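Residue-level listing of the chains:
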Amino acid sequence: MMSTALTPPPASSHRRPELLAAGAATVTVVLWASAFVSIRSAGDAYSPGALALGRLLSGALTLGVLCLLRREGLPPRAAWRGIAISGLLWFGFYMVVLNWGEQQVDAGTAALVVNVGPILIALLGARLLGDALPPRLLAGMAVSFAGAVTVGLSMSGEGGSSLFGVVLCLLAAMAYAGGVVAQKPALAHASALQVTTFGCLVGAVLCLPFAGQLVREAAGAPVPATVNMVYLGVFPTALAFTTWAYALARTTAGRMGATTYAVPALVVLMSWLALGEVPGLFTLAGGALCLAGVAVSRSRRRAATSPGRAEPTTEPRREDAGRA
């Protein structure tokens, strides 16, 4: 009598979605890190609101073209609540307030305060979305936050901060966290490209009162500043926010928030390579801690498997099927 056994699918087929999500998250943090270098140039010629509007308009135009090419329609009705909230908080309010705050405080203080955001994301995700807070995630976030503190203190200059600027950066961190947590449920109903495109449009509409400033400042701005503003819209906004949404749809808000702790380390490296700003030992140590914490937070405990049995796997969620 012949016996047949079900052959488990190769492990690589189960790892592929996870690897794609990790790759998308990597693209996001690299481009978001590059944004700090571009903001430094564009921020000298553009006011906070005008810079945010120019960036969002460039991003919305790029995303709109992509939607037309991919024939993406309007998001389902169930996704609009999350899209609207994330567009108001993250694409609109966050960008204006962060630009404003970075004009009031030094880069180190801004990095310190804004890095409260991932912690808020994890807490809000656990409270509102039912996300788990595994020990590895909490430990990794603690290590990364210690690294961010080290980087921030090493980059802070004397007399470069104001209480008002710190409050603005704190508001930016809160808006960032709220936007991410609101975006997560929307991704259960709409694609990453739809959520990003219409969130960016909502943010651009919110920033329309700055249109007059943008026109006046663009007329007298140097070409490199305008190029950097457009770059911010096309890459750190249109591309990076889409890859972020793609990865967020496939993991928890807390784990994605912890991933952004790699940004300070990459900013240090890019400033070194692009601007010739040689980091000190404390800055390098802080950057290493940030990366180590991200590695810990995204690691998974290996499940013990008995001989002859396939390792249990997690099936992809229905709403993620067929989404690119």
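Structure report, in brief.

Cut-offs and rules
Residues numbered from 1 in each chain as written. Predicted model: local features only at pLDDT ≥ 70, side-chain atom pairs only at ≥ 80, totals over all residues. Heavy atoms only, no water. Axes fitted to C-alpha atoms, helices over the stretch in contact; angles between N-to-C directions. Helix = DSSP H or I, 4+ residues; strand = E, 2+ residues; numbered from the N terminus. Parallel < 35°, antiparallel > 145°, perpendicular 65-115°, else oblique. Left-handed = near helix turned anticlockwise from the far one by under 90°. Contact = heavy atoms within 4.5 Å. Nonpolar A, V, L, I, M, F, W, Y, C, P; charged D, E, K, R; others polar. Buried < 20%, exposed > 50% of the residue type's maximum accessible area, 1.4 Å probe, protein only. Salt bridge = Lys/Arg side-chain N within 4 Å of Asp/Glu carboxyl O. Arc of directions from axis to C-beta. Phe/Tyr/Trp six-rings, centres within 6.5 Å; stacked < 30°, edge-to-face > 60°. Lys NZ or Arg CZ within 6 Å of the ring centre and 35° of its normal. Patch = residues over 30% accessible without salt bridge, like charges linked within 9 Å, V, L, I, M, F, W, Y side chains within 5 Å. Areas by Shrake-Rupley, 256 points an atom, 1.4 Å probe, with all protein chains shown as cover.

## A look at the packing of helix H8 (residues 192-206) against helix H10 (residues 223-248)
- The N-to-C vectors of H8 and H10 enclose an angle of 135°; their axes lie 8 Å apart at closest approach. Classified by the interaxial angle, the pair formed by H8 and H10 is oblique. In this structure, H8 meets H10 at a crossing whose hand is right-handed. Where H8 abuts H10, its residues Ala 192, Leu 193, Thr 196 and Cys 200 lie against Thr 237, Ala 238, Phe 241, Thr 242, Ala 245 and Tyr 246.
- Looking at the contact of H8 with H10, its residues break down into seven nonpolar, three polar and no charged.

## Describing the environment of Leu 201
- Here Leu 201 lies in helix H8.
- The class of Leu 201 is partly exposed, set by a relative accessible area of 37%.
- With 109 residues separating them in the primary sequence, Leu 201 and Gly 92 have C-alpha atoms 9.2 Å apart.

## Some thoughts on the pattern of salt bridges
- On inspection of all chains with the given rule, the structure shows one salt bridge.
- In this structure, Glu 72 and Arg 70 form a salt bridge, with 3.6 Å as the shortest nitrogen-oxygen distance.
- When its relative accessible area of 47% is taken as the criterion, Arg 70 is described as partly exposed.

## A closer look at helix H5 (residues 117-129)
- For H5, every residue scored as buried is listed here: Gly 117, Pro 118, Ile 121, Ala 122 and Gly 125. Looking straight down H5, one finds that the buried residues subtend no more than 140° of arc, so they occupy a single side.
- Count one or two residues on from H5 and you reach Gly 130, which has phi positive near 75°.

## Quick look at unusual backbone geometry
- Backbone geometry places Arg 71, a non-glycine residue, at a positive phi of 55°.
- A relative accessible area of 77% places Arg 71 in the exposed class.

## Concerning the packing of aromatic side chains
- Scanning all chains against the criterion turns up twelve aromatic pairs.
- An aromatic cluster of three or more residues is present, and its members are Trp 32, Trp 90, Phe 91, Tyr 94, Tyr 176, Phe 241 and Trp 244.
- Directly above the aromatic system of Tyr 246 lies the positively charged group of Arg 250, at a separation of 3.9 Å from the ring centroid.

## Considering a nonpolar patch on the surface
- A surface patch of nonpolar side chains, amounting to about 820 Å² of accessible area, comprises Ile 85, Leu 88, Leu 89, Phe 93, Leu 163, Val 167, Leu 170, Leu 171, Met 174 and Leu 206.
- It is helix H7 (residues 163-186) that contributes the most residues to the nonpolar patch, five residues altogether.
- You can see Leu 89 is positioned in helix H3 (residues 80-104).
- Overall, the relative accessible area of 31% leaves Leu 89 in the partly exposed class.

Spatial relationships are all this shows, so hold off on functional conclusions.
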